[in-house]
Amino acid sequence: MSKQVFVEAYPDKPIQFPEALFTPPSNREEAWPDTPDLRTAVDWLKTFMTADDWRSRRNAACRRLLEPAFGLPPREGKGRFFDVTDTFGWYLFLADAFLDHLWNYEPMYGSRVVPVLTAIGRNLPVLRTVDGVEDRVRRLVGSERRQPNGGLFELLVAAAYRRAGAEVVFRPERPGLAKTHDMDVTIAGRTLAVECKRLETSEYGERERARMREIWGPVSDGFGATGRSVFGDVDFRIPVVDVPDSYLVDKAREWLSIGASHFEWEDDISRGLFRELDLRPLQEALRDNDILTAGTQMQELLSGRYERHANYLQAVRIMHGMTPRHMDECDLAVMLKWKSSSAAATDAKARDVLKRLADANNQLPTDVPGIVHIGFEAVDGDDVERIRYEKILASTERFDPKGKPLEYVYCHYLVPESPPREAWAFDETVQWRRIGGSHPRPLAPGFLVLPDEAGGRWGTHWQV
């Protein structure tokens with residue numbers, strides 16, 4: 001589809017998408033391998049909506065994905081690539097794209113979605129035996145479409161208990177009444193009350209990224225206007241939100257004034273560098289294949305290395321390739337790699353689970369042993385996750401269940417990744433703490449996403 005179609009329809013006029021945009025080629029099996037477990041989950045979830053509903057939600061997700069590639073202005077609010085009022089539709093679109101129309105797949109977000117839905121598909125035989133699971137999925141697809149992570153997390157927890165031989169019953173939602181725990185689990189002759197909580201990514205991190213766009217934008221625009229390809233690498237020693245507006249502009253001017261190809265600095269605000277950017281590695285790679293414009297392969301080719309969960313801002317001048325999201329040629333690029341090593345920023349991003357644990361404990365009954373599962377994406381870097389780990393150990397050790405028979409807390413560190421030469425990769429770590437009682441923990445080791453044989457890391461080994 002042409003850019004003109006999107007420009008004329010922006011922001012709210014309907015677009016008629018051809019079905020060919022979502023239809024696999026006749027040689028699909030040769031082009032990329034199928035993922036049966038993921039297909040099982042996607043097909044199952046689609047049964048909870050009508051064909052027209054799915055088509056409408058799929059088209060809306062595709063539209064939001066392609067608009068930035070055509071240079072249209074970002075829409076208001078959080079979620080540049082998707083509509084936050086239908087995050088579930090975006091998730092299902094990504095999984096569907098991974099299966100059948102890979103040209104629409106977005107690796108960064110997809111690495112967060114595809115492993116989770118693949119795990120649900122792999123566990124669907126046992127999930128179908130859980131009492132109340134269909135009502136739970138209807139809420140996930142419908143009323144909870146804005147924020148589906150909690151519902152998906154509950155499905156993963158329920159499947160883990162079923163694999164361990166437990167009987168699992170989802171408790172029905174009771175509008176207007178106080179919240180209770182999510183599911184009743186009977187295992188080894190005991191009934192347990194299980195509550196699940198899913199932490200979302202840090203709002204502090206969102207504010208950091210927004211602030212970086214503000215202070216880097218004028219620098220990037222200036223370099224681009226002069227036709228100069230530049231790479232910057234900055235490690236801030238103070239919170240990004242406290243960096244002066246003109247700080248990076250002043251550094252760029254200082255570099256240009258001395259006329260060197262390389263410029264380094266170190267002061268109370270940051271340590272950083274600017275250097276001329278060599279486009280030859282990228283251009284060599286483009287001789288053989290189109291490359292996703294906003295992806296980790298691009299980041300690796302321009303920066304010289306791949307670093308998991310690194311923060312980048314980039315502006316490029318390209319010729320579009322096989323899709324508007326891929327490049328065939330590039331003759332100008334301005335890229336900044338940045339992070340904040342500020343103790344205050346690191347502490348703010350290393351969110352503790354204490355509040356979620358207290359909320360979960362409040363929903364547990366007083367007369368049934370309780371188990372709490374807390375899940376979160378650990379994607380803010382090793383320094384942040386090290387501090388988070390220490391916080392969790394300290395807060396769970398001193399946690400007072402206030403008379404509730406809470407026995408165990410499980411914390412699930414979920415680590416999605418989109419490496420340059422893999423479609424996705426996924427790490428998972430489980431941290432548990434005994435709060436009370438003497439019974440053995442009901443789940444060991446307690447993985448939710450990883451298959452038992454994966455050992456701690458799971459991923460695909462073919463390139464998008």
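Above this text is the structure in question.
Keep in mind that this is a model prediction, so the values were computed, not measured.

Reading the values: rules and limits
- Residues numbered from 1 in each chain as written.
- Predicted model: local features only at pLDDT ≥ 70, side-chain atom pairs only at ≥ 80, totals over all residues.
- Heavy atoms only, no water.
- Helix = DSSP H or I, 4+ residues; strand = E, 2+ residues; numbered from the N terminus.
- Contact = heavy atoms within 4.5 Å.
- Axes fitted to C-alpha atoms, helices over the stretch in contact; angles between N-to-C directions.
- Parallel < 35°, antiparallel > 145°, perpendicular 65-115°, else oblique.
- Nonpolar A, V, L, I, M, F, W, Y, C, P; charged D, E, K, R; others polar.
- Phe/Tyr/Trp six-rings, centres within 6.5 Å; stacked < 30°, edge-to-face > 60°.
- Buried < 20%, exposed > 50% of the residue type's maximum accessible area, 1.4 Å probe, protein only.
- Lys NZ or Arg CZ within 6 Å of the ring centre and 35° of its normal.
- Core = buried A, V, L, I, M, F, W, Y, C linked by side-chain atoms within 4.5 Å.
- Polar contact = N/O pair within 3.5 Å; in protein donor to acceptor, adjacent residues only side chain to side chain.
- Left-handed = near helix turned anticlockwise from the far one by under 90°.
- Salt bridge = Lys/Arg side-chain N within 4 Å of Asp/Glu carboxyl O.

Trainee: Can you walk me through the environment of Ile 291 in this structure?
Mentor: For Ile 291, the position within the fold is in strand β7 (residues 291-292). It is 11 Å that separates the C-alpha atoms of Ile 291 and Trp 103, two residues lying 188 residues apart in sequence. Once residues within four sequence positions are removed from consideration, Ile 291 is found in contact with Leu 282, Ala 285, Leu 286, Gln 297, Met 298, Leu 301, Arg 325, His 326 and Met 327.

Trainee: Looking at this structure, I do not really get the packing of helix α4 (residues 51-66) against helix α5 (residues 87-100). What am I missing?
Mentor: Geometry of a packed helix pair, given as the angle between the helix axes and the separation of the axes. The interhelical angle for the contact between α4 and α5, taken along N-to-C directions, is 85 degrees, at an axis separation of 9 Å. Regarding the angle of α4 to α5, the classification is roughly perpendicular. Residues Trp 54, Arg 57, Arg 58, Ala 61, Cys 62 and Leu 65 of α4 pack against Phe 88, Gly 89, Trp 90, Leu 92, Phe 93 and Asp 96 of α5. Of the residues that constitute the contact of α4 with α5, the class distribution is eight nonpolar, one polar and three charged.

Trainee: Explain the packing of aromatic side chains here, please?
Mentor: To describe a pair of aromatic rings, you give the distance between the ring centres and the angle between the ring planes. Inspection of every chain in the model, using the stated rule, returns 19 aromatic pairs. Ring geometry for Phe 6 and Phe 17: centres 6.1 Å apart, planes at 65 degrees, overall edge-to-face. On the criterion of sequence distance, the pair formed by Phe 6 in helix α1 (residues 3-9) and Phe 17 in the loop between α1 and α2 (28-31) is long-range, its members being 11 residues apart. Judged by relative accessible area, which is 1%, Phe 6 ranks as buried. Taking relative accessible area as the criterion, Phe 17 reaches 10% and is therefore assigned buried. Here the aromatic rings of Phe 223 and Trp 255 are separated by 5.8 Å at their centres, their planes lie at 70 degrees, and the arrangement is edge-to-face. With a gap of 32 residues between them, Phe 223 in helix α10 (residues 203-225) and Trp 255 in helix α11 (residues 247-258) connect regions that are remote in the sequence. Across the pair, Trp 255 and Phe 223 agree in class, each one buried. Taken together, the ring pairs connect Trp 216, Phe 223, Trp 255, Phe 263, Trp 265 and Phe 274 into an aromatic cluster. Sitting above the plane of the Phe 22 ring, Arg 58 keeps its charged end 3.8 Å from the centroid. Over the ring of Trp 255 we find Arg 228, and its NZ or CZ is 4.4 Å from the ring centre.

Trainee: How should I be thinking about the nonpolar core in this particular structure?
Mentor: Nonpolar side chains in soluble globular proteins tend to end up buried together. Grouped together as the largest cluster of nonpolar side chains are 79 residues, with contacts concentrated most on Trp 90, Leu 117, Ile 120, Tyr 161, Met 183 and Val 194. Ranked by the residues each element gives to this core, the list is headed by α5, at 10 residues. The residues contacting Met 183, other than those within four sequence positions of it, are Glu 154, Val 157, Ala 158, Val 168, Val 169, Phe 170, Arg 171, Leu 192, Ala 193, Val 194 and Cys 196.

Trainee: Help me out: how do you make sense of the environment of Asp 278 in this one?
Mentor: Tracing the backbone shows Asp 278 in the loop between β6 (270-276) and α12 (280-286). Given a relative accessible area of 33%, Asp 278 falls into the partly exposed group. Spatially, the C-alpha atom of Asp 278 lies 8.8 Å from that of Phe 231, the residues being 47 residues apart in sequence. Polar contacts involving the side chain of Asp 278 include one to the side chain of Arg 280, which spans 3.0 Å.

Trainee: Help me understand the packing of helix α3 (residues 36-46) against α5 in this model?
Mentor: Their axes nearest at 10 Å, the elements α3 and α5 cross at an angle of 135 degrees. Between α3 and α5, the crossing angle belongs to the class labelled oblique. Remark: the crossing between α3 and α5 carries left-handed chirality. The residues of α5 that touch α3, namely those facing Leu 38, Arg 39, Val 42, Leu 45 and Lys 46, are Phe 88, Leu 92, Ala 95, Asp 96, Phe 98, Leu 99 and Asp 100.

Trainee: I tried to follow helix α13 (residues 296-303) on my own but got confused; where do I start?
Mentor: One full turn of an α-helix is made of 3.6 residues, so residues set three or four places apart face in the same direction. Counting buried positions along α13 yields eight of eight residues, so the element is predominantly enclosed. Within the sequence span of α13, burial applies to Thr 296, Gln 297, Met 298, Gln 299, Glu 300, Leu 301, Leu 302 and Ser 303. Where the residues of α13 are buried, they touch β4 (230-236), β6, α12, β7, β8 (311-320) and β9 (326-340). Count one or two residues on from α13 and you reach Gly 304, which has phi positive near 100 degrees.

Trainee: Teacher, can you tell me more about the pattern of salt bridges here?
Mentor: In a structure, side chains of opposite charge can pair up when their charged atoms sit close to one another. Here the structure, examined in full by the defined rule, presents 38 salt bridges. A salt bridge links Arg 308 to Asp 427; the shortest N-O distance between them is 2.7 Å. Here Asp 427 lies in strand β12 (residues 425-434) and Arg 308 lies in the loop between α13 and β8, a separation of 119 residues in the sequence. Since its relative accessible area comes to 32%, Arg 308 is described here as partly exposed. What makes Asp 427 buried here is its relative accessible area of 15%.

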